[in-house]
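Topology and contacts: notes
Each chain, letter by letter, is given below.
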Amino acid sequence: WSQGTTLHTRHFTASRGWGKPLQVAEGVAEDAAAIAAMSRGGDVLISWLHPDGTRWVRLLSGNGEWDEAVPIAPAGATHPHAVINQGGTAAMVWAHQGAIQSSRHSRGSWSTPRTISQPNETADAPQVGIDRWGQLLVAWRSTIEGQGFKPRVEIFARTWIPLRGWQPLAQELLTSRRGEISPP
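Residues numbered from 1 in each chain as written. Predicted model: local features only at pLDDT ≥ 70, side-chain atom pairs only at ≥ 80, totals over all residues. Heavy atoms only, no water.

1. Looking at the pairing of strand S10 (residues 78-84)
In this structure, S10 lies alongside strand S11 (residues 90-96), joined through 5 bridges in antiparallel fashion. Of the residues in S11, the one forming a bridge with Val 83 is Ala 91. With antiparallel pairing between neighbouring strands as the criterion, S10 and S11 make up a hairpin whose turn holds 5 residues, including Gly 88 at a positive phi of roughly 90°. (Pairing = 2+ DSSP bridges. Helix = DSSP H or I, 4+ residues; strand = E, 2+ residues; numbered from the N terminus.)

Take a look at the structure:
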């Protein structure tokens, strides 16, 4: 939660209940639009809006140690979604200027954000999942202008595999024409 321009969190465990409030960051936007993800091991990822419009992120390890807050997404990024697995590997995705971008956290640092959607589409609403090995699955909705005035909405996905990187774009998963959704 945010109070003024300070972002706070409280940790809950079944064995101990609610912990004491912890300060995550100062100088956050008044509407911090914070998101959080938590692993089975107790690692927590928290992301929020900075007053300049950029999105920042910070990790809290299961042992109660915060890492440094860092900027992760540019001003104007929307639809952020985050995951973290029990090994502490994390990822964030967001939409920015019609493209889907992603960054991964592993071994103590965040990767440079990368566009993972294809050009010539208007992509938004990304979702990301992660498994225990750190493999990512990112899915998003794209509006592709068709001939005439009937745009087509499709669902696409990409995977990221450790040591192999981003895999080719998956074929469209669902297509919507005239309000009907069907497999391609």
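2. Section: the nonpolar core
Ranked by size, the top nonpolar core spans 15 residues in total, and within it Ile 100, Ile 116, Val 128, Leu 136, Val 138, Trp 140 and Trp 166 carry the most contacts. The set of elements that each furnish at least two residues to this core consists of S11, strand S15 (122-130), strand S16 (136-144) and strand S17 (152-161). Here this core takes 4 residues from S16, the largest share from any one element. If near-sequence neighbours (up to four positions away) are discounted, Leu 136 is found in contact with Ala 91, Arg 104, Val 128, Gly 129, Ile 130, Arg 158, Thr 159, Trp 160 and Trp 166. Judged by nonpolar contacts, the second largest core, of 13 residues, contains Leu 45, Val 57, Leu 59 and Ala 77. (Core = buried A, V, L, I, M, F, W, Y, C linked by side-chain atoms within 4.5 Å. Buried < 20%, exposed > 50% of the residue type's maximum accessible area, 1.4 Å probe, protein only. Contact = heavy atoms within 4.5 Å.)

Honestly, that's just the spatial picture; any functional story needs more than this.
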